[in-house]
Amino acid sequence: MQKKMDHPVLTKWEYVGKAIAWLIPKLDEMKKFAQAVVNTNSSISAKNQIASALTSLGNESVIHAHLLFLKAYHDSFFDNNFH
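Residues numbered from 1 in each chain as written. Predicted model: local features only at pLDDT ≥ 70, side-chain atom pairs only at ≥ 80, totals over all residues. Heavy atoms only, no water.

Visitor: Help me understand the overall build of the protein chain, please; the structure alone is not making it clear to me.
Guide: For the protein chain, the helix and strand inventory stands at 3 helices and 0 strands. For the protein chain, the N- to C-terminal ordering of α and β elements is α-α-α. Pairs at least 24 apart in sequence give 56% of the contacts found in the protein chain among residues at least 6 apart. (Helix = DSSP H or I, 4+ residues; strand = E, 2+ residues; numbered from the N terminus. Contact = heavy atoms within 4.5 Å.)

Rendered as structure tokens:
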């Protein structure tokens, strides 16, 4: 006989919310760090290519809007209903 699950398994969405809550206040620092990596590594290095992609994505306003939307959803709906 299977034991009944007491609580829903929420680890994936819970970690998405935690990651976004950590990232949003540090977004400007992360952009500066990625740009520093781009500036100090050759253009063919993996470090440069990854940091360049992150810099490009970090400058997209739609990415920032999506992060803010996910944080608001997590804070107002997900956390309230599942904790």
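Moving on from the model shown.
Visitor: Could you clarify how one ought to interpret the side chain of Asn48 in this entry?
Guide: Mapped onto the secondary structure, Asn48 falls in helix α2 (residues 46-58). Classification of Asn48 as buried rests on a relative accessible area of 9%. At 3.0 Å, the side chain of Asn48 and the backbone oxygen of Val38 are in polar contact. Setting aside residues no more than four positions away along its own chain, Asn48 makes contact with Val38, Asn41, Ser42 and Ser43. (Buried < 20%, exposed > 50% of the residue type's maximum accessible area, 1.4 Å probe, protein only. Polar contact = N/O pair within 3.5 Å; in protein donor to acceptor, adjacent residues only side chain to side chain.)

Visitor: What's the story with the environment of Ser52 in this structure? I'm lost.
Guide: Mapped onto the secondary structure, Ser52 falls in helix α2. C-alpha of Ser52 to C-alpha of Gln35: the two residues are 17 residues apart in sequence and 7.2 Å apart in space.

Visitor: Honestly, the pattern of salt bridges in this entry has me stumped. Any pointers?
Guide: All chains considered together, the criterion is met by 1 salt bridge. Where Asp75 meets Lys71, a salt bridge forms, and the shortest distance between an N and an O atom there is 2.5 Å. One end of the pair is Asp75 and the other is Lys71, both in helix α3 (residues 61-82) and 4 residues apart, which spans about a single turn. (Salt bridge = Lys/Arg side-chain N within 4 Å of Asp/Glu carboxyl O.)

Visitor: Would you explain the side chain of Thr55 in this entry?
Guide: Locating Thr55 in the fold gives a position in helix α2. Apart from residues lying up to four places away in sequence, Thr55 is in contact with Ala34, Gln35 and Val38.

Visitor: Please clarify how the confidence of the model for the protein chain should be interpreted in this entry.
Guide: Where the model shows low pLDDT, its predicted coordinates should not be examined in detail. With 80% of its residues at a pLDDT of at least 70, the protein chain reaches an overall mean of 83. The least confident element of the protein chain, judged by mean pLDDT, is α3 at 84; the most confident is α2 at 93. (pLDDT = per-residue confidence, 0-100.)

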